[in-house]
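Analysis of the macromolecular model
Residue-level listing of the chains:
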Amino acid sequence: QVQLVESGGGLVQPGGSLRLSCAASGSIFSINAMGWYRQAPGKQRELVAAITSGGSTNYADSVKGRFTISRDNAKNTMNLQMNRLKPEDTAVYYCNARSVVTAGGFYLDAWGQGTLVTVSS
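Reading the values: rules and limits
Residues numbered from 1 in each chain as written. Predicted model: local features only at pLDDT ≥ 70, side-chain atom pairs only at ≥ 80, totals over all residues. Heavy atoms only, no water. Helix = DSSP H or I, 4+ residues; strand = E, 2+ residues; numbered from the N terminus. Buried < 20%, exposed > 50% of the residue type's maximum accessible area, 1.4 Å probe, protein only. Contact = heavy atoms within 4.5 Å. Areas by Shrake-Rupley, 256 points an atom, 1.4 Å probe, with all protein chains shown as cover. Lys, Arg positive; Asp, Glu negative; His and termini not counted. Charge placed at Lys NZ, Arg CZ, Asp CG, Glu CD. Salt bridge = Lys/Arg side-chain N within 4 Å of Asp/Glu carboxyl O. Core = buried A, V, L, I, M, F, W, Y, C linked by side-chain atoms within 4.5 Å. Pairing = 2+ DSSP bridges. Axes fitted to C-alpha atoms, helices over the stretch in contact; angles between N-to-C directions. Phe/Tyr/Trp six-rings, centres within 6.5 Å; stacked < 30°, edge-to-face > 60°.

This paragraph deals with the overall build of the protein. A count of helices and strands for the protein gives zero helices and eleven strands. Along the chain direction, N to C, the helices and strands of the protein fall in the order β-β-β-β-β-β-β-β-β-β-β. Overall, the C-alpha framework of the protein stretches about 45 × 25 × 20 Å when taken along its three principal axes. Within the protein, the proportion of its 121 residues that are buried is 40%. In the protein, the share of contacts with a sequence separation of at least 24, taken over all contacts with a separation of at least 6, comes to 56%. Summed over all atoms, the accessible surface of the protein reaches about 6,300 Å², with 48% contributed by carbon and sulfur. Each charge sign in the protein was given a centre, from 11 positive and 7 negative side chains, and these centres are 3 Å apart.

Turning our eyes to something else, we now look at the pattern of salt bridges. Counting across every chain of the model gives five salt bridges. Residue Arg38 pairs with Glu46 through a salt bridge whose shortest N-O separation is 2.7 Å. Classification of Arg38 by relative accessible area gives buried; the value is 5%. Looking at Glu46, the relative accessible area reads 36%, which means it is partly exposed. The partner of Arg38 in a salt bridge is Asp89, and the shortest N-O contact between them spans 3.0 Å. Residue Arg38 is found in strand E4 (residues 28-39), and its partner Asp89 is found in the loop between strand E8 (77-82) and strand E9 (91-102); the two are separated by 51 residues along the sequence. This pair shows no difference in class: Arg38 is buried, exactly as Asp89 is. It is possible to trace a salt-bridge network through shared partners that takes in Arg38, Glu46, Arg66 and Asp89.

This paragraph deals with the nonpolar core. By size, the foremost hydrophobic cluster in this structure holds 32 residues, and its most contacted members are Trp36, Leu80, Met82 and Tyr93. Broken down by secondary-structure element, the contributors of at least two residues to this core are strand E3 (18-25), E4, strand E5 (46-52), strand E7 (67-72), E8, E9 and strand E11 (115-119). Here the element with the most residues in this core is E9; it accounts for five residues. With near-sequence residues (within four places) excluded, Met82 lies in contact with Gly16, Ser17, Leu18, Leu20, Arg66, Phe67, Tyr93 and Val117.

The subject of this paragraph is the sheet that holds E7. In space, the four strands of this open sheet follow the order E1-E3-E8-E7, with antiparallel pairing throughout. Looking along the sheet, the strands with just one partner apiece sit at the ends: strand E1 (3-7) and E7. For this sheet the average axis-to-axis angle between neighbouring strands, irrespective of direction, equals 15°. Strand direction decides the pairing type here: E7 and E8, joined by six bridges, are antiparallel. Bridge pairing links Ser70 to Asn79 in E8.

So, on to the packing of aromatic side chains. In this description, a pair of aromatic rings is defined by centroid distance and the angle of the planes. With the rule as written, the count across this model stands at one aromatic pair. Between Tyr37 and Trp111 the ring centres are 5.0 Å apart and the planes differ by 65°, which places this aromatic pair in the edge-to-face class. Taken together, the positions of Tyr37 in strand E4 and Trp111 in strand E10 (residues 105-111) put the pair 74 residues apart, joining distant regions of the chain. Looking at Tyr37, the relative accessible area reads 15%, which means it is buried. On the basis of relative accessibility, which here comes to 33%, the residue Trp111 falls in the partly exposed class.

This is the structure we're talking about:
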């Protein structure tokens, strides 16, 4: 079973920064792609940023130039550095891992429990 645990959320003022982290565990051999999604109250979950095992990245237009995604394949961890935060970035942020190969089998999709980011003065 794959477990994803997020950390780093909290309250920050507009213009501030936060760093989210995600750690995957569960006898993992490989993870194809990892990403961060977010869901604001009353809205659908949306992709924020994603990164492949080869390091290719993809960002939502709303966060380009402000957020940076990174991962450590050897440690099965992923980070999201969020700068120049805006109130509209307020949401629950979820870690996602796709095409995960473990000692116990293959998992197409795995999700963390989410971490709340609140941008407010």
